[in-house]
Amino acid sequence: MSSPETVTQAVAPAKVSPDGCVAVVNAGSSSVKFAIYEPDARQDVRYHGKIEGIGTAPRLKVERPDGETVSERSWRAEALDVQAATLEVLRTAADLIRGSPIAGIGHRVVHGGTDFAAPIRVDDAVVAALKRLIPLAPLHQPFNLAAIEAIAQAAPHIPQVACFDTAFHRSQPALAQLFGLPRKFAEEGVRRYGFHGLSYEYIAGRLAETAPELARGRVIAAHLGNGASLCAMKGGRCVATTMGFTAVDGLLMGTRCGTLDPGVVLYLMDEKGLSVRDVEDLVYRRSGLLGVSGVSSDMRGLRASPEPAAAEAIALFVYRVVREAGSLAAALGGLDGLVFTAGIGENDPQTRAEIAAGCAWLGLELDETRNARGSGRVSRDGSPVEVWVIPTNEEAMIARHAAAVLATI
Ligand code: AMP
């Protein structure tokens, strides 16, 4: 296993070259994902990989962009925590790009609170400020920060850049961020933040390149993956989004329930004796497509299932997207385009067709052949609302942000 000292040696030299590769790290509770981008063409990924199964059966797999596996390894469960896994990732990265140094590391950090509206180079003060946000995102933030701290200790000469999932949503008007609670709670940070921001920022950028006129208009981006949300954008800036204080709000997701009457939580705790942890487990891990279907959290699994409850879970997923799309269209004052992205949005023409049918009243008219092909514009010529499929790439967005911040150092 890599100790901080062996990692320090592996990622030498002590002075970082601005021409080095850019690494991207996305650390969670049970996995550390990473990618290494070219020094010159920063958008070309050289390798991507992950250590999964941290806490159970940690295993590393690294691939080239063409899918060829270049490295695989496994450990005993107790051998790796998130910090140790991050150091393994760093050492693996240094081995892979031997000869060309790492210029800097971009991290996905889920919560930037109200202060961080843009990527920032991490120092002790930034880490301290981000630690204060842990109570707002206890399932993600501690692991994002553990990775940053592990690298800062082992390789203090490598600049690190934090990129926030909340940052893109800081442009929401004040009203869109307020809950109907006493004001003091908003002042203490209980407000609607929104997540998936790196994905939406990437989509906004791609849309500006491929359909500039539409990008200047009123667009809903639908990030439909295991986690799912919608974002209303006007001129490429967020004006409203379905996720709120946490990433459990809004749409039905793989295992998350989405919007839930708070009275249900009170009932479960009062009448059914559920603890706070029980409710957390219920709404984050046992609900959504999994909970409603009793079959699977995975859209492919549900589509393949003959169970009526699987069909009903899909129907509820679509219904919730359609209702929230109506709500965001109201926030936008009309709609010019809808963009599908992420696992379901990019790969499931049937779900796209069902959502488009539910949103027909808004002016969405799909072209069947284009929808079956599933890339670029999938609406009919002349459709009042354009419909697009654009693959998201949060890693590339983080690499781009990291490169931009590194260029200023
Ligand atoms: P993500 O979290 O973006 O990786 O998305 C994961 C979700 O995308 C899962 O529900 C998958 O079942 C779904 N997905 C991926 N490929 C397909 C596909 N070809 N058809 C339907 N759903 C898919």
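Above this text is the structure in question.
Residues numbered from 1 in each chain as written. Predicted model: local features only at pLDDT ≥ 70, side-chain atom pairs only at ≥ 80, totals over all residues. Heavy atoms only, no water.

**Quick word on the overall build of the protein**
Here's step 1: Of regular secondary structure, the protein possesses 17 helices and 14 strands.
Here's step 2: Taking 2.2 N^0.38 as the reference for a compact globule, 409 residues should give roughly 22 Å; the C-alpha atoms of the protein span a radius of gyration of 22 Å, in line with that estimate.
Here's step 3: When the backbone C-alpha atoms are referred to their principal axes, the protein occupies close to 60 × 55 × 45 Å.
Here's step 4: Evaluated residue by residue, the protein yields a buried proportion of 51% over its 409 residues.
Here's step 5: A fraction of 62% describes how many contacts in the protein between residues 6 or more apart in sequence connect residues 24 or more apart.
Here's step 6: When the accessible surface of the protein is summed, it comes to about 18,100 Å², and 52% of that surface belongs to carbon and sulfur atoms.
Here's step 7: Here the protein contributes 41 positively and 46 negatively charged side chains, and the mean placements of these two sets differ by 2 Å. (Helix = DSSP H or I, 4+ residues; strand = E, 2+ residues; numbered from the N terminus. Rg over C-alpha atoms; globule rule 2.2 N^0.38 Å. Buried < 20%, exposed > 50% of the residue type's maximum accessible area, 1.4 Å probe, protein only. Contact = heavy atoms within 4.5 Å. Areas by Shrake-Rupley, 256 points an atom, 1.4 Å probe, with all protein chains shown as cover. Lys, Arg positive; Asp, Glu negative; His and termini not counted. Charge placed at Lys NZ, Arg CZ, Asp CG, Glu CD.)

**A closer look at helix α13 (residues 308-332)**
For an α-helix, 3.6 residues make a turn, and residues three or four places apart therefore share a direction.
Here's step 1: Taking 1.5 Å of rise per residue, 25 residues should cover 36 Å, and α13 covers 36 Å from first to last C-alpha, within 8% of that figure.
Here's step 2: Glycine 333 occupies a position one or two residues after α13 and carries a positive phi of about 70 degrees. (Expected span 1.5 Å × (residues − 1).)

**Digging into the side chain of serine 296**
Here's step 1: Inspection of the secondary structure assignment puts serine 296 in the loop between α11 (288-293) and α12 (299-304).
Here's step 2: Classification of serine 296 by relative accessible area gives buried; the value is 15%.
Here's step 3: Once residues lying within four places of it in the same chain are set aside, the contact partners of serine 296 are Leu289, Leu290, Gly301 and Leu302.

**Re the packing of aromatic side chains**
Here's step 1: Scanning all chains against the criterion turns up two aromatic pairs.
Here's step 2: Taken together, a centroid distance of 5.2 Å and an interplanar angle of 25 degrees make the contact between phenylalanine 116 and phenylalanine 164 stacked. In this pair, phenylalanine 116 sits in the loop between β6 (102-109) and β7 (120-121) while phenylalanine 164 sits in strand β8 (residues 160-164), placing the two residues 48 residues apart along the sequence. Neither residue differs from the other here; phenylalanine 116 and phenylalanine 164 are each classed as buried.
Here's step 3: Sitting over the face of the ring of phenylalanine 185, lysine 184 holds its NZ or CZ atom 4.4 Å from the ring centroid. (Phe/Tyr/Trp six-rings, centres within 6.5 Å; stacked < 30°, edge-to-face > 60°. Lys NZ or Arg CZ within 6 Å of the ring centre and 35° of its normal.)

**Thoughts on the sheet that holds strand β2 (residues 32-37)**
Here's step 1: With respect to topology, eight strands assemble into an open sheet ordered β5-β4-β3-β2-β1-β6-β8-β7, the strand pairing being mixed. The open sheet has two edge strands with one neighbour each: β5 (69-74) and β7.
Here's step 2: In the sheet, β2 pairs with strand β3 (residues 45-52) via six bridges, with the strands oriented antiparallel. By the bridge assignment, tyrosine 37 is partnered in β3 with valine 45.
Here's step 3: Together, β1 (21-27), β2, β3, β4 (59-63), β5 and β6 form the strand contacts of helix α2 (residues 82-96), whose direction differs from that of β2 by roughly 20 degrees. (Pairing = 2+ DSSP bridges. Axes fitted to C-alpha atoms, helices over the stretch in contact; angles between N-to-C directions.)

**Re unusual backbone geometry**
Here's step 1: Positioned with a positive phi, histidine 196 is a non-glycine residue whose angle comes to about 60 degrees.
Here's step 2: Position of histidine 196 among the secondary structure elements: in the loop between α6 (183-187) and α7 (197-210).

**Details of the sheet that holds strand β12 (residues 337-341)**
Here's step 1: The six strands are arranged β11-β10-β9-β12-β14-β13 in an open sheet whose pairing can be described as mixed. Taken across any chain shown, the strands that pair with only one partner, and hence form the sheet edges, are β11 (237-241) and β13 (376-377).
Here's step 2: Two elements, strand β9 (residues 218-224) and β12, share five bridges in a ladder whose sense is parallel. Following the sheet pairing, isoleucine 220 is matched in β12 by leucine 338.

**What about the nonpolar core?**
Here's step 1: Judged by nonpolar contacts, the single largest core of 59 residues is most densely connected at Leu130, Leu224, Leu230, Phe317 and Leu364.
Here's step 2: Here the element with the most residues in this core is α13; it accounts for eleven residues.
Here's step 3: What leucine 130 contacts, discounting residues up to four positions off in sequence, is Val109, His111, Phe116, Gln141, Leu145, Ala162 and Phe164.
Here's step 4: Tyr200, Val219, Cys231 and Leu406 belong to the second largest nonpolar core, which has 33 residues in total. (Core = buried A, V, L, I, M, F, W, Y, C linked by side-chain atoms within 4.5 Å.)

**Things to note about a nonpolar patch on the surface**
Here's step 1: There is a patch of nonpolar side chains on the surface, built from Val292, Leu316 and Tyr319 and spanning about 230 Å² of accessible area.
Here's step 2: Here valine 292 is to be found in helix α11. (Patch = residues over 30% accessible without salt bridge, like charges linked within 9 Å, V, L, I, M, F, W, Y side chains within 5 Å. Salt bridge = Lys/Arg side-chain N within 4 Å of Asp/Glu carboxyl O.)

**Things to note about the site of the ligand**
Here's step 1: All residues adjacent to the ligand are Gly225, Asn226, Asp298, Met299, Arg300, Ala342, Gly343, Ile344, Asn347 and Asp348.
Here's step 2: Taking aspartate 298, its side chain carries an N or O atom lying 2.5 Å from an oxygen atom of the ligand.
Here's step 3: In this structure, an oxygen atom belonging to the ligand sits 3.3 Å away from a main-chain N or O atom of isoleucine 344.
Here's step 4: Contact with the protein chains removes 70% of the 500 Å² of surface that the ligand exposes when unbound.
Here's step 5: Per-element accounting of the shell around the ligand gives the leading share, four residues, to helix α14 (residues 342-347). (Near = heavy atom within 4 Å. Polar contact = N/O pair within 3.5 Å; in protein donor to acceptor, adjacent residues only side chain to side chain.)

**Focus: the pairing of strand β10 (residues 228-234)**
Here's step 1: Of all seven residues in β10, six are buried; the element is thus mostly enclosed.
Here's step 2: Linking two consecutive strands that pair antiparallel, namely β9 and β10, is a turn of three residues.
Here's step 3: Alignment of β10 against β11, held across four bridges, turns out to be antiparallel. Following the sheet pairing, cysteine 231 is matched in β11 by threonine 241.
Here's step 4: Hairpin connection between β10 and β11: a loop of two residues separates the two successive antiparallel strands, and glycine 235 in this loop has a positive phi of roughly 60 degrees.

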